[in-house]
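# Observations on chain architecture
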Amino acid sequence: MAVLEVKNLYSGYGKIKVLFDINFSADEGKITAIIGPNGAGKSTLLNSIYGIADIYDGKVLLNGIDITGLKPYIIARMGIGYVPQTNNIFSELSVEENLRIAVRNVSREEFKARMEEVLDFFPKLRELLHRKAGTLSGGERRMLAIAIALMRRPNILLLDEITTDLAPIVVKRILEKVVELRDKMGMTIVMVEQYARRALEICDKVYLIASGQVKFEGDPKQLLEQRELVSLYLGAL
Ligand SMILES: Nc1ncnc2c1ncn2[C@@H]1O[C@H](COP(=O)(O)OP(=O)(O)OP(=O)(O)O)[C@@H](O)[C@H]1O
């Protein structure tokens, strides 16, 4: 069942028009990947869902409810978590402090309970709880970035290029965690990935976006069979 839908969306930033007539949907408890060349508008699709980009026409629906153009903090309260491409981490604060400020309006007990949940999911962060976030490795920072979003207990998680600039072994670990979010927590994931092959290996559905338009939508295996699309937009995967 589609929990998140985008219908005939035109969006961008002020006068810069980026997306044209996009139709998109993400199914409950599945991983939907968005791939495509640099500058295609992949992040802008996430930004449009999360109320960051300007929407000129079209709709964003969450469980059938129109959330088009609502402010990010309201969308967050409705159960959508967002891990941006640029860091959502405060380097000068400890790991624990970063988790604390992710949820300001909950009691100390509630915070502890949520933090325990998140640390059970990312045991590595438990060891690093009192370290300044700025001293973490690239992979640890990505885990913290996801953990911050999880503290708000979202049903849907938007992940923007969380594996960029990481060593292959670390990428593998992070993507295993994404699969775990789906399989163990039943979370709905929408992920933008620059490295198409990685995304195709774990996703249930894929959107190929180029020049602000959807060029392919469907089964990742079927996309790989479309040699022309692959060589035109994805090159040597
Ligand atoms: N905040 C912004 N203000 C103005 N233009 C922007 C902004 N963010 C992105 N753009 C422009 O929108 C276009 C699409 O960018 P977007 O980040 O969505 O692409 P992308 O497919 O995610 O690419 P990449 O893989 O390189 O991140 C680009 O031309 C980019 O320069």
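Given the structure is predicted, the values throughout are model-derived calculations rather than measurements.

Reading the values: the criteria
Residues numbered from 1 in each chain as written. Predicted model: local features only at pLDDT ≥ 70, side-chain atom pairs only at ≥ 80, totals over all residues. pLDDT = per-residue confidence, 0-100. Near = placed C-beta within 6 Å. Helix = DSSP H or I, 4+ residues; strand = E, 2+ residues; numbered from the N terminus. Nonpolar A, V, L, I, M, F, W, Y, C, P; charged D, E, K, R; others polar. Contact = placed C-beta atoms within 7 Å. Pairing = 2+ DSSP bridges. Axes fitted to C-alpha atoms, helices over the stretch in contact; angles between N-to-C directions. Buried ≥ 20, exposed ≤ 12 C-beta atoms within 10 Å, placed from the backbone. Parallel < 35°, antiparallel > 145°, perpendicular 65-115°, else oblique. Left-handed = near helix turned anticlockwise from the far one by under 90°.

Looking at the protein chain as a whole, its pLDDT mean stands at 93, while 99% of the residues score no less than 70. Model confidence for the complex is summarised by a pTM of 0.93, with the ipTM given as 0.95.

This next bit is on the site of the ligand. The environment of the ligand is made up of Tyr13, Ile16, Val18, Gly36, Asn38, Gly39, Ala40, Gly41, Lys42, Ser43, Thr44 and Gln194. Mapped by element, the contributors of at least two residues to the shell around the ligand are strand E2 (16–27) and helix H1 (42–49). Counting residues per element, the shell around the ligand draws most heavily on H1, at three residues. Of the residues that constitute the shell around the ligand, the class distribution is four nonpolar, seven polar and one charged.

With that out of the way, let us pick up the environment of Val170. Within the secondary structure, Val170 is located in helix H7 (residues 168–185). The sequence separation of Val170 and Arg152 amounts to 18 residues, and the corresponding C-alpha distance is 25 Å. With residues near it in sequence (within four places) discarded, Val170 still touches Gly138 and Gly139.

By the secondary structure assignment, Ala53 is in the loop between H1 and strand E4 (54–62). Each C-alpha atom, one on Ala53 and one on Gly14, is 8.5 Å from the other, the two residues being 39 residues apart in sequence.

Turning our attention to the sheet that holds strand E6 (residues 80–83). Overall, mixed pairing links the six strands, which are arranged E6-E7-E8-E3-E9-E10 in an open sheet. Bordering the open sheet on either side are E6 and strand E10 (213–218), each of which pairs with just one other strand. Averaged over all pairs of adjacent strands, the angle between strand axes in this sheet comes to 15°, irrespective of strand direction. Here strand E9 (residues 205–210) runs beside E10; their pairing, made up of five bridges, is antiparallel. Bridged to Tyr207 within E10 is Glu217. The sheet contacts of H7 involve strand E3 (31–35), strand E7 (156–160) and strand E8 (188–192), and relative to E8 the element is tilted by about 155°.

Attention shifts here to the pairing of E8. The buried count for E8 comes to five of five residues, which makes it a mostly enclosed element. Alternating residues of E8 divide into Thr188, Val190 and Val192 and Ile189 and Met191, and every residue in both groups is buried. Of the strand pairs in this sheet, E3 and E8 are connected by four bridges, and their pairing is parallel. Bridge assignment links Ala33 to a residue of E8, and that residue is Met191. Relative to E8, E7 runs parallel, the two being bridged by five bridges. In the sheet register, Leu158 faces E8, and the bridge partner there is Val190.

Looking now at unusual backbone geometry. Positioned with a positive phi, Asn8 is a non-glycine residue whose angle comes to about 45°. The exposure class of Asn8 is exposed, given the 11 C-beta atoms found within 10 Å. Residues other than glycine seldom take positive phi values, yet Glu161 does so here, at roughly 45°. Looking at where Glu161 falls in the secondary structure, it is placed in the loop between E7 and H7. Of the residues examined, Glu161 has 19 C-beta atoms within 10 Å and is grouped as partly exposed.

Closest axis-to-axis distance for the helix H6 (residues 138–150)/H7 pair is 10 Å, and the angle between their directions is 15°. One way to sum up the angle between H6 and H7 is to call them roughly parallel. Crossing angle aside, the handedness with which H6 passes H7 is right-handed. Residues Gly138, Gly139 and Arg142 of H6 form the contact with H7, whose participating residues are Val170, Arg173 and Ile174. Of the residues belonging to the contact of H6 with H7, the class tally is two nonpolar, two polar and two charged.

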